[in-house]
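Examining the three-dimensional arrangement
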Amino acid sequence: MSNRYAYLGPEGTFTEAALRALKPDAPAAQFVPCNGVDMVFAAVRRGEATGGVVPLENSVEGGVSATTAELVNGDPLLITAEIAVAVEFTLFARRGTALPDVKRVATHSHALAQCRGWLAANLPDAEAHIVSSTAAAAQSVAEEPSSPYDAAICARIAGERYGLVPLAEGVGDRAEAATRFIYLSRPGTLPEPTGADRTSLVAFLPHDHPGALVELLTQFAVRDVNLTRLESRPTGDGLGTYCFFMDADGHVAEARVGEALMGLRRICKDVRFLGSYPRADAGLGHLRPAARISTTNDDFHEAEQWLARIRAGRVG
Ligand SMILES: O=C(O)C(=O)Cc1ccccc1
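Residues numbered from 1 in each chain as written. Predicted model: local features only at pLDDT ≥ 70, side-chain atom pairs only at ≥ 80, totals over all residues. Heavy atoms only, no water.

Considerations on the overall build of the protein
When helices and strands are counted, the protein shows 9 helices and 15 strands. Considered along the principal axes of its C-alpha atoms, the protein spans approximately 85 × 50 × 40 Å. Within the protein, buried positions represent 48% of all 316 residues. Intrachain contacts of the protein at a sequence separation of at least 6 include 77% that bridge at least 24 residues. By element, 53% of the accessible surface of the protein is carried by carbon and sulfur atoms, the whole surface being about 15,500 Å². Distance between charge centroids for the protein: 4 Å, based on 30 positive and 38 negative side chains. (Helix = DSSP H or I, 4+ residues; strand = E, 2+ residues; numbered from the N terminus. Buried < 20%, exposed > 50% of the residue type's maximum accessible area, 1.4 Å probe, protein only. Contact = heavy atoms within 4.5 Å. Areas by Shrake-Rupley, 256 points an atom, 1.4 Å probe, with all protein chains shown as cover. Lys, Arg positive; Asp, Glu negative; His and termini not counted. Charge placed at Lys NZ, Arg CZ, Asp CG, Glu CD.)

Structure, rendered in structure tokens:
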């Protein structure tokens, strides 16, 4: 079977743009649009797709709950790649619609969160409706006359794909907004370390006690592993019970990352490893500074060998 890549569809989503950037040589026939993030996970889990792309977090709105919920609770999949995509929002409508005619605007929840300021200033009386993706919003607006919506906030490519006309460009409140997308694979071989990798995991605390989070963070700090993201999420087991999403610099094949994960495993009720994969921002010049003396990979290996030697009775 040739490769098939599932993504949050329909055609024209930001997720499709992310997939195209991740698989530039794949023919469009291999792209499989899905109506929800959960369906992308399901297609990969069932083996109907080789891999899948979903949004993980946005620089303005934060984590995408549907994705984090699947990563925490669903059958495990591995993150094997990531990409950051700049998101620019355009308001599109059917030909003949003028801005004052727009009473109902449809878009994805993360797009709405990033366009609230513009909507309040320019369409204060319009109702906002959340749909499964920005391209689904554009597709629905195009279904005249039955569409319940007058306009969609979506990518330029989506508006054009569904034959709509732009009413306003750049309707996002933050010009520099970017979204991080992840590529999911079934568990198997990890990507090779590249020297600029990221490791993602979810940690479940054994029980609530003072300093529990400090203990978690200490596992990384003492091994000089930089954390780039920490998000607490409800486990679903009742109010006040959380798990912690963590992204750390480095690959699990590296000694200090591996040891930090072993430390976590010892102190946590459970740790779900989500993957080690190349960082999207590698080469942008803001990677971690060189490891301090005593925390390089060589230092870890040397210390391991030293322990083996003294355990064998060889001193010095
Ligand atoms: O709806 C889309 O086009 C998506 O790919 C999800 C999304 C929505 C808003 C910002 C980034 C990703």
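Now, onward.
Here's the deal with the packing of helix H8 (residues 255-267) against helix H9 (residues 297-311)
Remark: H8 packs on H9, axes separated minimally by 8 Å, with the N-to-C direction vectors making an angle of 65°. Residues Ala255, Arg256 and Glu259 of H8 pack against Asn297, Phe300, His301 and Glu304 of H9. In terms of residue class, the contact of H8 with H9 is made up of 2 nonpolar, 2 polar and 3 charged. (Axes fitted to C-alpha atoms, helices over the stretch in contact; angles between N-to-C directions. Nonpolar A, V, L, I, M, F, W, Y, C, P; charged D, E, K, R; others polar.)

As for a nonpolar patch on the surface
On the surface, a nonpolar cluster with roughly 250 Å² of combined accessible area is contributed by Trp306, Leu307 and Ile310. Structurally, Leu307 can be placed in helix H9. For Leu307, a relative accessible area of 33% corresponds to the partly exposed category. (Patch = residues over 30% accessible without salt bridge, like charges linked within 9 Å, V, L, I, M, F, W, Y side chains within 5 Å. Salt bridge = Lys/Arg side-chain N within 4 Å of Asp/Glu carboxyl O.)

Overview of the sheet that holds strand E12 (residues 197-204)
Taken in spatial order, the 4 strands make up an open sheet running E13-E14-E12-E15, and their pairing is antiparallel. Because the sheet does not close on itself, it has two edges, and the strands there are strand E13 (227-234) and strand E15 (270-278). Within this sheet the neighbouring strands show an average axis-to-axis angle of 15°, counted without direction. Relative to E15, E12 is paired through 8 bridges, and the arrangement is antiparallel. (Pairing = 2+ DSSP bridges.)

Here we look at the sheet that holds strand E8 (residues 127-130)
Taken in spatial order, the 5 strands make up an open sheet running E8-E7-E9-E6-E10, and their pairing is mixed. One side of each edge strand has no neighbouring strand; the edge strands of this open sheet are E8 and strand E10 (165-169). Ignoring strand direction, the axes of neighbouring strands in this sheet form an average angle of 30°. Packed onto the sheet, helix H4 (residues 109-122) meets strand E6 (90-93), strand E7 (104-107), E8, strand E9 (151-154) and E10 and runs at close to 140° relative to E7.

Re the site of the ligand
All residues in the neighbourhood of the ligand are listed as Leu8, Thr13, Phe14, Thr15, Val87, His108, His110, Ala111, Ser133, Thr134, Thr179 and Phe181. Between the ligand and Phe14, the relevant distance is 2.9 Å, taken from an oxygen atom to a main-chain nitrogen or oxygen of the residue. Thr15 places a polar side-chain atom, nitrogen or oxygen, 2.5 Å from an oxygen atom of the ligand. Relative to its unbound accessible area of 320 Å², the ligand is 99% covered by the protein chains. Taken together, the elements giving at least two residues each to the shell around the ligand come down to helix H1 (14-22), H4 and strand E11 (178-185). For the shell around the ligand, a count of residues per class yields 5 nonpolar, 7 polar and no charged. (Near = heavy atom within 4 Å. Polar contact = N/O pair within 3.5 Å; in protein donor to acceptor, adjacent residues only side chain to side chain.)

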